[in-house]
Amino acid sequence: MSTSGAHGHATAPATLAAELRGKTGQNPAECYQCGKCSAGCPMAVETLLRPHDVMRLIGGDRRETLLEGESIWLCLTCEACTARCPNGCDPARMIDALREMSVARAPRAVGAFHRSFLDQVKANGRMFEFGLVLEYKLRSGKLLNDVFSTPGMISRGLLKFVPSPIKGVADVRRIFAACEREAARDLHASGADGRDQ
Amino acid sequence: MRIGYYPGCSLHATSREFDESLRATAVALDVELAEIDDWSCCGATSGHATSHLLSVALPARNLALAEEQGMQEVLAPCAACYNRLASASHSLREDAGLEIKIKEILARPFANTVRVRNVMELYRSLIPQITEKSAGRLKGMKVACYYGCLLVRPPGVLAFDDAEQPTSMDEICRATGATSVDWNLKVECCGGAFSLSRTASVIRLGRAILEDARKAGAEALIVACPMCHSNLDFRQSAMTQSGETPMPVLFLSELVGMGLGLSARDMGMKRHFVNTGPIEKRATETAAQVAAEAAAKAAKAAETAAKATAQAGTAPAGKGVA
Ligand code: SF4
Ligand code: SF4
């Protein structure tokens, strides 16, 4: 989908709701704020914006509040909200799409985890958990934090040490590169990278 | 029976006992697991939390490989892999534009024909065999079946069971003779992907799950997801108060294996953090009891049969005299 105007200038889509509708094929305006999604949300007691709040703020075009805040990163994608919405809305998919839009602004711990994970997959084709733990600790600065009691895991033979890439690792790297190109194109098209301002 | 096998990263690392126990039960149940050659990671949560396209492309590579290797069905025991593989396949069926894009990215033939199965679907199809081979070995053992989120949601995509009141795992457990208790949190989330990044949430959610299972009288919690397992097993000490009995957390394959009479060692159960000794002992006891009951029943039947033969033997004799 191209959002470029007739003069060749990229114009940001009119509203956040419209942009999300384009990305997900779902219309966030259909939410009637019954709150059933939030009633079953396991993170409702910890997050500032529960799923029905997210839906409402999308409608209110509160881009900054949603993309800059921590709440979208506190969603576990357990899909309880989506499974239980009496109205066929998909808050979990909306939150995923919002996260995709704000990857660069992810709070350190959660963002670092996803980056470490994907870097492992890109390097080896598979995820090797020991490397993941180390990388995660380095990136999030939680070196002294006992996030994973590694000695216990090692003595039980649970963690593998030496990553050996799969045969088709080039294949996997090509998939990553193609998806990254696609993401860059989207960013460019929406004018969010500032190049067309 | 032969089925394609996608072990996924966890089953090759921190959840090796899931892989080992599953393979052991497959042998016992005459199922051949054909591992997809050169499979790669499905992207898990990190894939779809950061790029929808990547979250479809990474599973699609594996589905394409399975197709190339002549598989019609692929078993993905890890709940997260199952969810990603099945969701990708579903998205590709629903969205023609996405399908074109993915085929371009994969650069290999791909018709999206492979059906993705989870471990409950496999065992459910084998209930008659499990029932026969277990012969009620785990009779009286009380277990709580914990499905979590990834195996049942979203219901539009994963439609093999009811999303709110699933029963497949309960039926499988019952086939071993065990009793599955009724409880409230079978489809609640355990905190899954936050195991490393937000431990406090995982402990809060896990504690509620363990408490509810304990209240319902469960002696063990049965799971079919490596993330649920590591959260509830590895982190259980932080979720339990002193004085509370630890709750062994078993993979469904381990329970089925115990039902089939396989040894805990062959299934890699020594790797658990919560001691599985008590539940193994319990299984041995129930098995002995069931065997004793069966022996007594057989003896009684033999006795009745002998009596009948004796009676039958006297009747014609009597006739002969007359
Ligand atoms: S359950 Fe559905 S309709 Fe109700 S508030 Fe949530 S998203 Fe909106
Ligand atoms: S998917 Fe996210 S928002 Fe929805 S119920 Fe689960 S944690 Fe809450």
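Cut-offs and rules
- Residues numbered from 1 in each chain as written.
- Chains lettered and ligands numbered in written order.
- Predicted model: local features only at pLDDT ≥ 70, side-chain atom pairs only at ≥ 80, totals over all residues.
- Heavy atoms only, no water.
- Helix = DSSP H or I, 4+ residues; strand = E, 2+ residues; numbered from the N terminus.
- Buried < 20%, exposed > 50% of the residue type's maximum accessible area, 1.4 Å probe, protein only.
- Contact = heavy atoms within 4.5 Å.
- Areas by Shrake-Rupley, 256 points an atom, 1.4 Å probe, with all protein chains shown as cover.
- Lys, Arg positive; Asp, Glu negative; His and termini not counted.
- Charge placed at Lys NZ, Arg CZ, Asp CG, Glu CD.
- Axes fitted to C-alpha atoms, helices over the stretch in contact; angles between N-to-C directions.
- Parallel < 35°, antiparallel > 145°, perpendicular 65-115°, else oblique.
- Left-handed = near helix turned anticlockwise from the far one by under 90°.
- Nonpolar A, V, L, I, M, F, W, Y, C, P; charged D, E, K, R; others polar.
- Salt bridge = Lys/Arg side-chain N within 4 Å of Asp/Glu carboxyl O.
- Pairing = 2+ DSSP bridges.
- Near = heavy atom within 4 Å.
- pLDDT = per-residue confidence, 0-100.
- Phe/Tyr/Trp six-rings, centres within 6.5 Å; stacked < 30°, edge-to-face > 60°.

A. A look at the overall build of chain B. Helix and strand counts for chain B come out as 14 helices and eight strands. Looking at chain B as a whole, 58% of its 322 residues are labelled buried. Put simply, of all contacts in chain B between residues at least 6 apart along the chain, 80% involve residues at least 24 apart. If you sum the accessible surface of chain B, you get close to 12600 Å²; carbon and sulfur atoms cover 54% of it. Each charge class in chain B can be summarised by its mean position, and for the 34 positive and 35 negative side chains these summaries are 4 Å apart.

B. Seen up close, the overall build of chain A. Assigned secondary structure in chain A consists of ten helices and zero strands. Moving toward the C terminus, one meets the helices and strands of chain A in the order α-α-α-α-α-α-α-α-α-α. Each of the 197 residues in chain A was classed as buried or not, and the buried ones make up 49%. Expressed as a percentage of contacts within chain A between residues at least 6 apart in sequence, the contacts between residues at least 24 apart total 62%.

C. Region of the structure containing the packing of helix α9 (residues 168–175) of chain B against helix α13 (residues 252–259) of chain B. All names here are of chain B. Interaxial distance between α9 and α13 falls to 9 Å at its minimum, and their mutual angle equals 20°. Considering the angle they form, α9 stands roughly parallel to α13. In this structure, α9 meets α13 at a crossing whose hand is left-handed. Listed contacts from α13 to M169, I172 and C173 of α9 are L252, L255 and V256. Its residues assigned to classes, the contact of α9 with α13 comprises six nonpolar, no polar and no charged.

D. View of the pattern of salt bridges. Residue and element names in this part refer to chain B. The full count for this structure, using the stated rule, is 29 salt bridges over all chains. The salt bridge partner of D170 is K186, with a shortest N-O separation of 3.3 Å. In this pair, D170 is assigned in helix α9 and K186 in the loop between β6 (179–180) and α10 (199–215), connecting sequence segments 16 residues apart. The exposure class of D170 is buried, given its relative accessible area of 5%.

E. Examining the sheet that holds strand β2 (residues 32–35) of chain B more closely. All names here are of chain B. Here we have four strands laid out as an open sheet, ordered β2-β1-β3-β4, and parallel in their pairing. Looking at strand neighbours, the two that pair on one side only are β2 and β4 (115–117), the edges of this open sheet. Sheet twist, expressed as the mean angle between neighbouring strand axes with direction ignored, is 40°. Pairing of strand β3 (residues 73–75) with β4, which is carried by three bridges, proceeds in the parallel orientation. Among the inter-strand pairings, L75 is bridged to a residue of β4, identified as R117. With respect to the sheet, helix α2 (residues 16–28) is in contact with β1 (2–5), β2 and β3, its orientation differing from that of β2 by roughly 135°.

F. Up close: the site of ligand 2. Residues and elements named next belong to chain A. Around ligand 2, the surrounding shell consists of C41, P42, P51, C75, L76, T77, C78, E79, A80, C81, A92 and I95. Looking at the shell around ligand 2, the elements with two or more residues in it are α5 (80–84) and α6 (91–101). For the shell around ligand 2, the residue count by class is ten nonpolar, one polar and one charged.

G. Structural detail: the confidence of the model for chain A. Residues and elements named next belong to chain A. Of all residues in chain A, 65% have pLDDT values of 70 or greater, and the mean over the chain is 76. For chain A, helix α9 (residues 150–155) is the element with the lowest average pLDDT, namely 47, and helix α2 (residues 36–39) is the one with the highest, namely 97. Taken as a whole, residues 143–152 scores under 50 in pLDDT and shows 19 contacts with residues more than four places along the chain or in a different chain. The low-confidence segment residues 192–197 (pLDDT under 50) makes eight contacts with residues lying over four places distant or belonging to another chain.

H. Here's a closer look at the confidence of the model for chain B. Residue and element names in this part refer to chain B. On average, residues of chain B score 90 in pLDDT, and 97% of them reach the 70 mark or higher. Mean pLDDT across the elements of chain B ranges from a minimum in helix α3 (residues 44–50), with 73, to a maximum in strand β5 (residues 142–145), with 97. Taken as a whole, residues 318–322 scores under 50 in pLDDT and shows zero contacts with residues more than four places along the chain or in a different chain. Of the two predicted TM-score estimates for the complex, the pTM is 0.83 and the ipTM is 0.78.

I. Inspection of the packing of aromatic side chains at higher detail. Residue and element names in this part refer to chain B. Taken as a whole, this structure holds five aromatic pairs over all chains when the rule is applied. Aromatic pair Y6 and W39: ring centres 5.4 Å apart, planes at 70°, arrangement edge-to-face. In this pair, Y6 is assigned in the loop between β1 and α1 (8–12) and W39 in the loop between β2 and α3, connecting sequence segments 33 residues apart. Of the two residues, Y6 and W39, both sit in the buried class. Their ring planes at 90° and their centres at 6.4 Å tell us that Y82 and F160 sit as a pair that is edge-to-face.

J. Inspection of α9 of chain B at higher detail. Residues and elements named next belong to chain B. Across the eight residues of α9, six count as buried, placing the element largely inside the fold. For α9, the complete set of buried residues consists of S168, M169, D170, I172, C173 and A175. Tucked inside the fold, the buried residues of α9 contact α7 (119–125), α8 (127–134), β5, β6, β7 (220–223) and α13.

K. Spatial organisation of the environment of T82 of chain A. Residue and element names in this part refer to chain A. Looking at the secondary structure, you find T82 in helix α5. Linking T82 and K167, residues 85 residues apart in sequence, is a C-alpha distance of 38 Å. Setting aside residues up to four positions removed in sequence, T82 forms contacts with C89, D90, P91 and A92.

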